[in-house]
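# Survey of secondary and tertiary structure
Given next are the chains, with one letter for each unit.
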Amino acid sequence: MVTTRLDPIDRKILSELQADGRMTNVELAKRVGISAPPCLRRVRALEEAGLIGGYHAEVNARELGFEVQVFAMVGLESQAEAELSAFEEQCRSWPLVRECHMLNGEVDFILKCVSPDLSTFQSFLTSELLTTPNVASVKTSLVIRGAKDEPGVPFDVLEERLQREA
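The protein appears in an unreviewed UniProt entry as Lrp/AsnC family transcriptional regulator from Pseudophaeobacter arcticus.

Next up on the list: the UniProt feature "domain: HTH asnC-type" (unreviewed entry) in the protein. Those places that UniProt annotates as "domain: HTH asnC-type" (unreviewed entry) correspond, in this numbering, to residues 6-67. For residues 6-67, the end-to-end C-alpha separation is 41 Å, with 53% helix and 0% strand making up the annotated structure.

On the surface, Val59, Leu64 and Phe66 cluster together to form a nonpolar patch covering roughly 300 Å² of accessible area. Its place among the elements puts Phe66 in the loop between α3 (36-48) and β1 (68-76). On the basis of relative accessibility, which here comes to 32%, the residue Phe66 falls in the partly exposed class.

A few words now on the layout of surface pockets. Empty space within the largest pocket amounts to approximately 1900 Å³. Ala57, Glu58, Val59, Asp149 and Pro151 are, among the 44 residues lining the largest pocket, the residues nearest its centre. The element best represented in the lining of the largest pocket is helix α1 (residues 8-19), accounting for five residues. In the lining of the largest pocket, the residues fall into 22 nonpolar, ten polar and twelve charged.

Criteria and cut-off values
Residues numbered from 1 in each chain as written. Predicted model: local features only at pLDDT ≥ 70, side-chain atom pairs only at ≥ 80, totals over all residues. Heavy atoms only, no water. UniProt positions renumbered as here; feature names shortened; annotations may be inferred. Helix = DSSP H or I, 4+ residues; strand = E, 2+ residues; numbered from the N terminus. Patch = residues over 30% accessible without salt bridge, like charges linked within 9 Å, V, L, I, M, F, W, Y side chains within 5 Å. Areas by Shrake-Rupley, 256 points an atom, 1.4 Å probe, with all protein chains shown as cover. Salt bridge = Lys/Arg side-chain N within 4 Å of Asp/Glu carboxyl O. Buried < 20%, exposed > 50% of the residue type's maximum accessible area, 1.4 Å probe, protein only. 1 Å grid on protein atoms, 1.4 Å probe; cavity = no way out; pocket = protein on both sides within 12 Å on 5 of 7 lines; lining within 4 Å. Points joined across faces, edges and corners; volume = space filled by probe spheres on them. Nonpolar A, V, L, I, M, F, W, Y, C, P; charged D, E, K, R; others polar.

Following this line, the structure appears as structure tokens:
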């Protein structure tokens, strides 16, 4: 398990950067209780280990004119690995698809899509998604409002688990 190689300072660095990826190294070092040079070395090591995959701005989709958010549940005719990979690759090419997850159960994939309006999404649905090879069914759900959108992992839960295991 990855957490066995992470000491409490590494976990605190990850937690702080997840909450605010724009803070300076000096501020981060202050928050985690070490000086700036070793803090920067730790951040670089966490990046190289793949525990930090990047830094992103959280943009407001509605303010940018993307008024519609839809979840599309996709069923495929075949679940052979080649077909699953082909569908995933196709999803990566569609700008309106922001997330694509393969699922266990009644549906094969769930897609999170954004669109400026319903007609643009409908056009994508009918001319691209539904006509994709191997797509057997698509059910869509329009988001009325979001109640929670918190990326990352709950570090408090991780710390509680590690305390119980110690």
